[in-house]
Amino acid sequence: LSEVREEIKCLSNGKWSEDVQGGICKDFEPPEITCPNDILIENIQHQNVAQVNWEIPQARDNSGEEVTIEVSPAFLPPHMLPIGDVSVTYTATDSSGNQGSCTFNIKVIDVDPPVIDRCRSPPAIQATDNKQSATWEEPQFSDNSGSHLTITKTHSPGDIFTHGETIVEYVA
């Protein structure tokens, strides 16, 4: 059987509250670790990624002993990250198992507009009446992000048009 001991405290008179001969020293203080500031970066032109670099945090512990550092997700800078947001957490663990952590966010923003892959004006249409239905091949767009595009248009194929020229506009 092992003997259970009370916590030994340092009193205001500078003496220990109990006999320190049987006392053991245990580290309860977690390591200190500080992450870099949040990162906001633009994508590489015409790509859906950015190369992101940051300083790996250093950790300090009151024990003076070496501290192990883990990162989640397991990114090592510099790292290629896709358009979007990610949180990176560094966790420092001392030899007593105490842990301290910090988190920072990386946001890769898409600054490239969509591109027009195909846009052809239809040939002139000969109308038999004052109004005429018109059809055409709709323009095709794409974006470096690979995301779904929102396309607005002033007219749709099959709409009725009056005599004269009408501008049809698509925006992606």
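Each value, and the rule that gives it
Residues numbered from 1 in each chain as written. Predicted model: local features only at pLDDT ≥ 70, side-chain atom pairs only at ≥ 80, totals over all residues. Heavy atoms only, no water. Core = buried A, V, L, I, M, F, W, Y, C linked by side-chain atoms within 4.5 Å. Buried < 20%, exposed > 50% of the residue type's maximum accessible area, 1.4 Å probe, protein only. Helix = DSSP H or I, 4+ residues; strand = E, 2+ residues; numbered from the N terminus. Contact = heavy atoms within 4.5 Å. Phe/Tyr/Trp six-rings, centres within 6.5 Å; stacked < 30°, edge-to-face > 60°. UniProt positions renumbered as here; feature names shortened; annotations may be inferred.

1. Remarks on the nonpolar core
At step 1: In terms of nonpolar packing, the biggest core is built from 16 residues, with Val52, Trp54, Tyr90, Phe104 and Ile106 touching the most fellow members.
At step 2: For this core, the secondary-structure elements that each account for two or more residues are strand 3 (49-52), strand 7 (84-93) and strand 8 (99-109).
At step 3: Of all the elements, strand 8 adds the most residues to this core, at four residues.
At step 4: Other than its neighbours up to four places away in sequence, Val52 contacts Ile39, Ile41, Pro77, Pro78, His79, Leu81, Ile106 and Val108.
At step 5: Core analysis: the second largest hydrophobic core is formed by six residues, Trp136, Phe141, Leu149 and Phe161 among them.

2. Describing the packing of aromatic side chains
At step 1: The full count for this structure, using the stated rule, is three aromatic pairs.
At step 2: Ring geometry for Trp136 versus Phe161: centroids 5.9 Å apart, planes at 65°, classification edge-to-face. On the criterion of sequence distance, the pair formed by Trp136 in the loop between strand 10 (131-133) and strand 11 (140-142) and Phe161 in strand 13 (residues 160-162) is long-range, its members being 25 residues apart. For the pair Trp136 and Phe161, a shared accessibility class is recorded, and that class is buried.
At step 3: Three or more aromatic residues joined by ring pairs form one cluster here, namely Trp54, Tyr90 and Phe104.

3. Here we look at the UniProt feature "domain: HYR" (unreviewed entry) in the chain
At step 1: The UniProt record annotates "domain: HYR" (unreviewed entry) at residues 26-110 and 111-172.
At step 2: Taken end to end, residues 26-110 is 0% helix and 49% strand, and its two terminal C-alpha atoms sit 50 Å from one another.
At step 3: For residues 111-172, the helix share is 0%, the strand share is 27%, and the end-to-end C-alpha distance is 14 Å.

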